[in-house]
Amino acid sequence: MIDQITSYRDPDLSLYQLNSNYTLLLQIYPATFSYAIVFEDKLQAWAKDCELLVLDDPGSQHELLNYEYKKVVAGLQSTGFTLVPNALYNENRIADFARFLDVKPNEKIFAQPLDADNHIIYKVDERVVETAAIYGLRKTVFINKGWINAIAGNNPLNETFYLNIDKEQVDILNFNNGKIRFYNSFSFANADELAYYAALVAQQLQLQPKDINLVVSGDIEETDENASRLSEFFASVERNYLNVLHFPLEVTANQLPALAALSLCVSSEED
C-alpha cells in the first residue's frame, strides 16, 4: 500500500482564529478516534487513529482539541445495524427492531434518519458512547451517514458498488435509481475475504461481478493487494474522489471520506 499521511494542520491556522464558525468532526471507535477541523468548506486540520487518552490530555500535538466548538458531529462506529423504511418506522417500536441486532449488555441502541427514505437502528459499544458523551449524544450520528448521503447526492450508478475500507471492515453500498438498494458492513482479514464479500453481494443482487464497477475509498489504493484482488473479478476498481470539502494538496479526499462527509450532518445535529 502507498504510504499516506495520517495527520495534517494548515500552517496558516492560528489558535486565535478558532471561533464558533469552526466545526469539529469526530469518528469514535472503542480504542481510538479520528478528528477533523473544518472552517466553512475547507479542511483545517486532521488526525487519524488517536488514542482516547488524547481527549483528556491533547498536549501540544493535538492542542486544537482544547477548544470548545459550537458545531460538533461525532460519528459512532456501530457493532451492528438494520435499515428500516420510513413507512415502517415507528419510534415506539425501536426495541422490537433492535431484537434483530442481538444487543449485548455492553451495547447501547441508537435510532435516527439515515436518508430521505430510511431510518437506521444501530448498536454501539458503551465505550464509544461514553467517549461521545463528552461532546453530547445529541451530536452523534451513524459513522457512515455522511458518506452514504454524499454518494447519494452525486448521481450514483446502478451498476456501481461503492466500497469504503476502514481498518479491517468494508462497507458496501449500491443504489437503484438513486435509492439505496443494498448497504452492509463486513469484517475481513485479507484480500481474498474482501473479494469474497464483494462477490457475495453481487450474487445476492443477482448481478455479475464482471459487469460491476467498484469505486473505493478509505484504507485502500488502486495498486495495493486488496484492489488488485478485486480487479480480478470486477469490471474496474477506481478511487472515489468525491470532494465534500476543499482539501490541501497534502491530503486526498480518498483518505478520509467518511470523516469529511460528516460535515454534511452538521446542520441537522447541532443543538
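Notes on the structure in this doc start here. Please read all numbers here as calculations on a predicted model, not as lab measurements.

Conventions we followed
- Residues numbered from 1 in each chain as written.
- Predicted model: local features only at pLDDT ≥ 70, side-chain atom pairs only at ≥ 80, totals over all residues.
- Heavy atoms only, no water.
- 1 Å grid on protein atoms, 1.4 Å probe; cavity = no way out; pocket = protein on both sides within 12 Å on 5 of 7 lines; lining within 4 Å.
- Points joined across faces, edges and corners; volume = space filled by probe spheres on them.
- Helix = DSSP H or I, 4+ residues; strand = E, 2+ residues; numbered from the N terminus.
- Nonpolar A, V, L, I, M, F, W, Y, C, P; charged D, E, K, R; others polar.
- Buried < 20%, exposed > 50% of the residue type's maximum accessible area, 1.4 Å probe, protein only.
- Contact = heavy atoms within 4.5 Å.
- Phe/Tyr/Trp six-rings, centres within 6.5 Å; stacked < 30°, edge-to-face > 60°.
- Core = buried A, V, L, I, M, F, W, Y, C linked by side-chain atoms within 4.5 Å.
- Salt bridge = Lys/Arg side-chain N within 4 Å of Asp/Glu carboxyl O.
- Pairing = 2+ DSSP bridges.
- Expected span 1.5 Å × (residues − 1).
- Arc of directions from axis to C-beta.
- Polar contact = N/O pair within 3.5 Å; in protein donor to acceptor, adjacent residues only side chain to side chain.

### Re empty space enclosed by the protein
And step 1. Scanning the entire structure with this criterion turns up three cavities of 30 Å³ or more.
And step 2. What the largest cavity holds in volume is close to 160 Å³.
And step 3. If you go around the largest cavity, you meet 17 residues; those closest to its centre are Q27, K48, D166, Q255 and L256.
And step 4. Elements with a minimum of two residues in the lining of the largest cavity: strand 4 (42-51), strand 10 (160-166) and helix 7 (257-261).
And step 5. Partitioning the lining of the largest cavity into residue classes produces seven nonpolar, five polar and five charged.
And step 6. Considering only enclosed or pocket space, the second largest cavity measures out at about 90 Å³ in volume.
And step 7. If you go around the second largest cavity, the residues you meet are W147, A150, I151, N240, L242, V244, F247, A253, L256, P257, A260 and A261.

### What to know about helix 4 (residues 145-152)
And step 1. Burial analysis of helix 4 places six of its eight residues in the buried class, the great majority of the element.
And step 2. Listing the buried residues of helix 4 in full gives K145, G146, W147, I148, A150 and I151.

### Details of the environment of I151
And step 1. Counting through the fold element by element, I151 comes out in helix 4.
And step 2. For the pair I151 and I28, spaced 123 residues apart in sequence, the C-alpha separation works out to 22 Å.
And step 3. In this structure I151 touches P156, Y162, L173, F175, N240 and L242, once residues within four positions along its chain are discounted.

### Overview of the packing of aromatic side chains
To describe a pair of aromatic rings, you give the distance between the ring centres and the angle between the ring planes.
And step 1. Scanning the model with the defined rule gives 11 aromatic pairs in all.
And step 2. Ring centres of F81 and Y183 lie 5.2 Å apart, and the angle between their planes is 25 degrees; this geometry places the pair in the stacked category. You can see F81 sitting in strand 6 (residues 80-85) and its partner Y183 sitting in strand 12 (residues 179-187), a full 102 residues away along the chain. Exposure class is identical for F81 and Y183. Each is buried.
And step 3. Ring geometry for F186 versus Y197: centroids 4.8 Å apart, planes at 20 degrees, classification stacked. Here the residue F186 occupies a position in strand 12, and Y197 occupies one in helix 5 (residues 191-204), the gap between them amounting to 11 residues.
And step 4. Looking at F186, the relative accessible area reads 13%, which means it is buried.
And step 5. Taking relative accessible area as the criterion, Y197 reaches 22% and is therefore assigned partly exposed.
And step 6. Taken together, the aromatic side chains of F81, F110, Y122, F142 and Y183 make up a single cluster linked through ring pairs.

### Quick word on the nonpolar core
And step 1. Y35, W147 and L173 are the most contacted members of the largest nonpolar core, which totals 42 residues.
And step 2. V170, I172, I212 and I220 belong to the second-largest nonpolar core, a separate cluster that totals 22 residues.

### Quick notes on the pattern of salt bridges
And step 1. The full count for this structure, using the stated rule, is 15 salt bridges.
And step 2. Ionic pairing is found between D125 and R127, a salt bridge with its closest N-O pair at 3.1 Å.
And step 3. We classify D125 as buried; its relative accessible area is 8%.
And step 4. Through salt bridges with shared partners, a single ionic network connects D49, D166 and K167.

### Considerations on the pairing of strand 12
And step 1. Inspection of the sheet shows strand 11 (residues 169-176) paired to strand 12 by eight bridges, in the antiparallel sense. Among the inter-strand pairings, I172 is bridged to a residue of strand 12, identified as N184.
And step 2. Between strand 11 and the antiparallel strand that follows it, strand 12, lie two residues; N177 among them carries a positive phi value of about 55 degrees.

### Topic: helix 5
And step 1. Taking 1.5 Å of rise per residue, 14 residues should cover 20 Å, and helix 5 covers 20 Å from first to last C-alpha, within 8% of that figure.
And step 2. Every buried residue of helix 5 is listed here: A191, L194, A195, A198, V201 and A202. When helix 5 is viewed along its axis, its buried side chains cluster within an angular range of 120 degrees and face the same direction.
And step 3. On the buried face of helix 5, the contacting elements are strand 10, strand 11, strand 12 and helix 6 (225-231).
And step 4. Of the residues that open helix 5, the one with a side-chain oxygen 3.1 Å from the backbone nitrogen of D192 is N190.
And step 5. Directly beyond the C-terminal end of helix 5, a positive phi value near 60 degrees is found at Q206.

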